[in-house]
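What the coordinates show
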Amino acid sequence: MDEKKKYQYQDELTSSRQAPEYRSGMSLNERIKLVHKLNYSKDEVIAHTANKAVAEMVSHMEKEGIGNTFDRFMQQHPQCGFGLTGACCAFCSYGPCRVNEKHPHSICGKDVDLIVAGNALRRLASGMSAHGAHAREVFIALKAAGDGSAPIPIKCPEKAWAVAGALGLDAEGKSVEQICVEIADRFIDDLQRALPKHHDTLFALAPKERSGLWERLGIIPISAYHECFESNNLTSHGTDSDFESHMQAFLRTVLAYAYTTVVSTSLATDIVYGLPRRSKLNVNLGSIRKDNCINIGINGHAPMVAFAICDIVGTPKIMEKVKAVGADDIRLYGMCCTGGEFVERDLGIPLVAMASSAEMAVATGAFEAIVVDQQDVLPGMMPVARRFHTKVITTSPSGRKEGAIVLELDYYLKNLDRIYELAEQILDIAIENYRNRDSEKIHIPDIRAKVELGFSVEEIARLFDGSMPDKKIHGLARLLEEGKIRGIANFGSCGNIRGAVFERNQVVIARQLIKNDVLVTAHGCSGMGLLFAGLAHPDASKLCGPGLREVVEALQIPPVLHVGACTDSTRASQVMAYTANAAGQPNPAMPFAMVAADPAAEKTMGARYAFILNGIETYSCVQDNTLASDRFIDYVSNRLRPMVGAAMNWNPDPYQTAEDILRMLDRKREALGWPVSDYVIGTKEEIEETIPDTVEIGKSFCLNS
Ligand code: SF4
């Protein structure tokens, strides 16, 4: 972007690496050096992570001789430079092929640009498969709730009618159950078909200005399954060898990802499991109960078994069993995105870990069972669980773990009608296992944050004078235009071990942004870092600039609005689109940003580019493994902007990233003729060393115990 690169503050930690800055034409060795330099040791993680509970657990695990992700990361050094920068292909058995200046072509004849683009496309397709599997389970639940093939209640019929209206379904004279089946069928069709057909979900739910643009660019997908199939076909041995054609497939796959595995998943989840509800909760490891309580962690993404457990956990029948083993209570705890789904729905289930810190939760020794399904459940959890009495139970045939107890939904869906039996069996194992608990081994950091959650689009529209049928949020548009709110930034994606200090970058960036009157929405694992840092509570208004502070204090809301789990990027993009509608502007003209500070899982590739295709500038501190190709970097960082109105921005320094975002927001404000005020970059002491009083160390708020 057209930036004058003079920053007010340089991150001491990033600059201590002395990594060369990326420039087009640099040698592969320099590129590898750049990435190698930007790594941080376990001791640096302990010293600098914003999540002090994780820091304590990493130290505790070291003392106890329990290995974790950070140890395994150190053991991988130095990571292969070809893999790190994307200059390696292992698609066929001629390979692996590694290219550099001396040997610029692979055995089949690919150059570095084609190899990097092919790797990126396959990673994107893999991420879409993961979100697609999550989507498929939610659609199955929606259909089963409608046709009665599983005892799943429909918790938000109003949302079913609203989605039916948005999809243009004829609801006349139909029951909500029939409508749920029709919605599910439509979502499933757009997920799975092989032949071209009008993409109902995309055209119904995307802003018209965007869908028209995507049609003109020729990137409307056929279906998620087909684009996944085609991404693998196109990159297979001796098939497509045109960089532009690879990138066309990349953009098409991003749209398939966004509209058939994310947007429809979020809407269907709301119909079946209910809208988010405002609630107060404690989060982080210090929310785990130590004494006389049976603790069960629920980790993963798929909702069917997780919500069934949630439905029955406090029933008299279960409580009788709890008392019989000598415990007083039984509690569920959320991890990763299932945790995100729970906390947004006011179920009284604390969120204790994101994907990469789930091992630390297990290492507290306080869990009778960890119930896992699929995605982001790291295999490294198993040896940690074996050090304690903790039983790991898998519930998805897609996500088994060696040595775990298997109590799963059948691959052919033959036991959908017995989902609550499955849930009870799981609870029975956890309850019985309480007898094996060794209290001496339990170590729970006394660190937690208080949060206020549950911001659906409907709730945000209610707070800010919005009109859901018109898809307009007038109040936010007015506040942006007046300048009380400088811009809106959404934080999503996961957290990385490579190239970043765990849960530091997103916290630094978010604190700089709210200090400069930027309203933040957050979801997924990256958003959890902001919760653990105490930013999702009204008391965090003290950290805001004067304009944002006035707004959030008047409404008694946090400056960071938690909108849910990974697929709830849908809510953030709807809030942005509806605010743009109210301002009478297209997305790219608006002061909006997407921040995926430390992307890691394959799914984050699609998440970031979906925002870009929606016209939202996107920022990351960790680079995808694509640095070997100037052509790829140029395409995503520059060429996309005139095509779709936004592009990818990468800067490993979180302070500079915050400043890049503020400059971009101000440029957009200036172009709109809206007032622009100076921004102030806070120092390290102000941003990192001052722990807000929404985070308590050593004291209990007891809001949810
Ligand atoms: S597809 Fe080409 S570049 Fe990839 S491993 Fe095979 S020969 Fe090498």
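Per chain, the residues get numbers from 1 upward, laid out in the order the sequence is written. Local features in this predicted model are restricted to residues whose pLDDT is 70 or higher, and side-chain atom pairs enter the listing and the counts only when it is 80 or higher, whereas totals over whole chains, interfaces and linings include all residues. Each side-chain value is worked out from all heavy atoms of the structure, with water and hydrogens disregarded.

Some points on the overall build of the chain
Counting its secondary structure elements, the chain contains 29 helices and 19 strands. Relative to the globule expectation of 27 Å for 705 residues, the C-alpha radius of gyration of the chain, 24 Å, shows essentially globular dimensions. Overall, the C-alpha framework of the chain stretches about 70 × 65 × 60 Å when taken along its three principal axes. Note on classification: 1.4 Å probe, protein chains only; a residue is buried when its accessible area is under 20% of the maximum for its type, exposed when over 50%, partly exposed between these limits. Counting across all 705 residues of the chain, residues that qualify as buried make up 64%. Residue pairs in contact within the chain that sit at least 24 positions apart in sequence constitute 76% of those at least 6 positions apart. Every accessible area reported is derived by Shrake-Rupley at a probe size of 1.4 Å, with residue values counting cover from the shown protein chains alone. Accessible surface, the chain: about 24800 Å² in total, of which carbon and sulfur atoms supply 49%. By the counting rule applied here, Lys and Arg register as positive and Asp and Glu as negative, while His and the ends of each chain are not counted. All charge positions are set by atom: Lys at NZ, Arg at CZ, Asp at CG, Glu at CD. Placing the 75 positive and 88 negative side-chain charges of the chain at their respective mean positions leaves the two points 2 Å apart. Numbering of helices and strands starts at the N terminus; helices are DSSP runs of H or I of at least 4 residues and strands are runs of E of at least 2. Two things to know: the radius of gyration comes from C-alpha atoms, and the globule rule equals 2.2 Å times the number of residues to the power 0.38. Contact between two residues is taken to exist if any of their heavy atoms lie within 4.5 Å; hydrogens are not considered.

Concerning the pattern of salt bridges
Salt bridge, as applied in this entry: a Lys or Arg side-chain nitrogen positioned within 4 Å of an Asp or Glu carboxyl oxygen. Scanning the model with the defined rule gives 50 salt bridges in all. Its salt-bridge partner being Glu30, residue Arg23 comes within 3.3 Å of it at the nearest N-O pair. Take Arg23: its relative accessible area is 43%, and that puts it in the partly exposed class. Asp446 is the partner of Arg448 in a salt bridge, and the nearest nitrogen-oxygen pair spans 2.1 Å. Note on Arg448: relative accessible area 4%, which makes it buried. Look at the salt bridges and you will find they share partners, linking Lys159, Asp270, Glu344, Arg345, Glu458 and Arg571 into a network.

A closer look at the packing of aromatic side chains
Pairing of aromatic rings covers Phe, Tyr and Trp, the last counted by its six-membered ring, and requires centre-to-centre distances within 6.5 Å; plane angles under 30 degrees mean stacked, over 60 mean edge-to-face, and any other angle means tilted. All chains considered together, the criterion is met by eleven aromatic pairs. Plain terms: the ring middles of Phe250 and Phe632 are 6.2 Å apart, the flat faces sit at 90 degrees to each other, and that makes the pair edge-to-face. With Phe250 in helix α13 (residues 243–273) and Phe632 in helix α27 (residues 630–644), the pair connects residues that are 382 residues apart, well separated along the chain. Per residue, the accessibility class of Phe250 equals that of Phe632, and both read buried. Measuring from centroid to centroid gives 5.6 Å for Tyr333 and Phe367, while their planes differ by 90 degrees, and the two rings are edge-to-face. Remark: Phe367 occurs in the loop between α17 (358–362) and β7 (369–372) and Tyr333 occurs in strand β5 (residues 329–335); sequence separation between them is 34 residues. Note on Phe367: relative accessible area 0%, which makes it buried. Members of the aromatic cluster, each reached through a chain of ring pairs, are Phe250, Tyr609 and Phe632.

Quick word on the packing of α13 against helix α26 (residues 603–613)
When two helices pack together, their arrangement is given by the angle between the helix axes and the distance between those axes. Axes here refer to lines fitted to C-alpha atoms; in helices the fit is confined to the stretch in contact. Angles between the N-to-C directions go from 0 to 180 degrees. At a minimum axis distance of 9 Å, the contact between α13 and α26 shows a crossing angle of 95 degrees. On the basis of their axis angle, the class for α13 and α26 is roughly perpendicular. Contacts from Phe250, Leu251, Val254, Leu255, Tyr257 and Ala258 of α13 reach α26 at Lys603, Met605, Gly606, Ala607, Tyr609, Ala610 and Leu613. By the definition adopted for this analysis, an angle is roughly parallel if under 35 degrees, roughly antiparallel if over 145, roughly perpendicular if from 65 to 115, and oblique otherwise.

A few points about the environment of Arg435
Within the secondary structure, Arg435 is located in the loop between α19 (419–433) and β10 (447–453). Distance from Arg435 to Ala658, taken between C-alpha atoms, is 50 Å for residues 223 residues apart in sequence. Two N or O atoms form a polar contact when they lie within 3.5 Å of each other; inside protein one atom must be a possible hydrogen donor and the other a possible acceptor, and for residues adjacent in sequence the pair counts only when both atoms belong to side chains. Engagement of the side chain of Arg435 in a polar contact is seen with the side chain of Glu432, the distance being 2.7 Å.

Re the pairing of strand β4 (residues 293–299)
Among the seven residues in β4, seven count as buried, and that is most of the element. Across the two faces of β4 the burial is the same, with Cys293, Asn295, Gly297 and Asn299 and Ile294, Ile296 and Ile298 all buried. Only when DSSP finds a minimum of two bridges between them are two strands counted as paired. For β4 and β5, the ladder comprises seven bridges, and the chain directions are parallel. Looking across to β5, one finds that Ile294 is bridged to Ile330.

What to know about the site of the ligand
Around the ligand, the structure places Cys89, Ala90, Phe91, Cys92, Tyr94, Gly95, Cys97, Ser106, Cys108 and Lys110. Cavity and pocket criteria rest on a 1 Å grid covering protein atoms alone: a 1.4 Å probe that fits but cannot get out defines a cavity, protein on both sides within 12 Å along at least 5 of 7 lines defines an open pocket, and an atom within 4 Å of a point defines a lining residue. Occupancy of a cavity or pocket is assigned to a molecule whenever over half of its atoms lie within 2 Å of that pocket's grid points. When atoms are counted within 2 Å of each cavity's grid points, the one that captures over half of the ligand is the second largest cavity. Residues were grouped as follows: Ala, Val, Leu, Ile, Met, Phe, Trp, Tyr, Cys and Pro as nonpolar; Asp, Glu, Lys and Arg as charged; and all remaining residues, including Gly, as polar. Of the residues belonging to the shell around the ligand, the class tally is seven nonpolar, two polar and one charged. The near set for a molecule or strand comprises every residue that places at least one heavy atom within 4 Å of it.

Digging into the nonpolar core
A general tendency of soluble globular proteins is for nonpolar side chains to be buried together. Core analysis: the biggest nonpolar cluster contains 116 residues, and Ile183, Phe250, Ile294, Ile296, Ile330 and Tyr609 have the highest contact counts within it. The dominant element in this core, judged by the number of residues it contributes, is α13, at 18 residues. Residues contacting Ile294, with those up to four places away along its chain left out, are Val322, Val325, Ala327, Asp329, Ile330, Arg331, Glu368, Ala430, Ile431, Tyr434 and Arg437. Core analysis: the second largest hydrophobic core is formed by 63 residues, Leu535, Phe592, Cys621 and Ile681 among them. Note on terminology: a nonpolar core comprises buried Ala, Val, Leu, Ile, Met, Phe, Trp, Tyr and Cys residues joined through side-chain atoms within 4.5 Å.

Observations concerning the domain arrangement of the chain
Either an automatic procedure or a domain database provided the assignment from which the domain bounds are taken. Here the domain parsing of the chain yields domain 1 (112–273), domain 2 (282–447) and domain 3 (454–697). Taking the mean C-alpha position of each, domain 1 and domain 3 sit 25 Å from one another. When the two sides are added together, the surface that domain 1 and domain 3 hide from each other amounts to roughly 3100 Å², 65% of it contributed by carbon and sulfur. Salt-bridge contacts for Asp270 lead to Arg571; the nearest nitrogen and oxygen are separated by 2.7 Å. Inspection of the domain 1/domain 3 interface yields 13 residue pairs in polar contact (both at pLDDT 80 or more). No other element matches α13, which puts 17 residues into the side of domain 1 that touches domain 3. When its residues are assigned to classes, the side of domain 1 that touches domain 3 shows 24 nonpolar, seven polar and seven charged. Once two parts are brought into contact, the accessible area they lose, counted with a 1.4 Å probe and summed over both, makes up the buried area.

Section: α26
Burial within α26 is extensive, with eleven of its eleven residues counted as buried. In the segment just after α26, Gly615 is the residue with positive phi, at about 85 degrees.

Brief notes about empty space enclosed by the protein
Grid points are joined across faces, edges and corners, and a volume is the space filled by probe spheres set on the points. One pass over the full model with this rule turns up six cavities of 30 Å³ or more. Taken as a whole, the largest cavity encloses approximately 170 Å³ of empty space. Forming the boundary of the largest cavity are 18 residues, of which His131, Ser493, Cys494, Cys566 and Thr604 lie nearest the centre. Counting only elements with at least two residues in the lining of the largest cavity, the list comes to α13, α16 (336–343), α23 (524–532) and α26. The greatest single-element share of the lining of the largest cavity, amounting to three residues, is contributed by α26. Looking at the lining of the largest cavity residue by residue, the class counts come to ten nonpolar, six polar and two charged. Considered as a void within the structure, the second largest cavity measures approximately 110 Å³ in volume. Of the residues that constitute the lining of the second largest cavity, the class distribution is five nonpolar, six polar and one charged.

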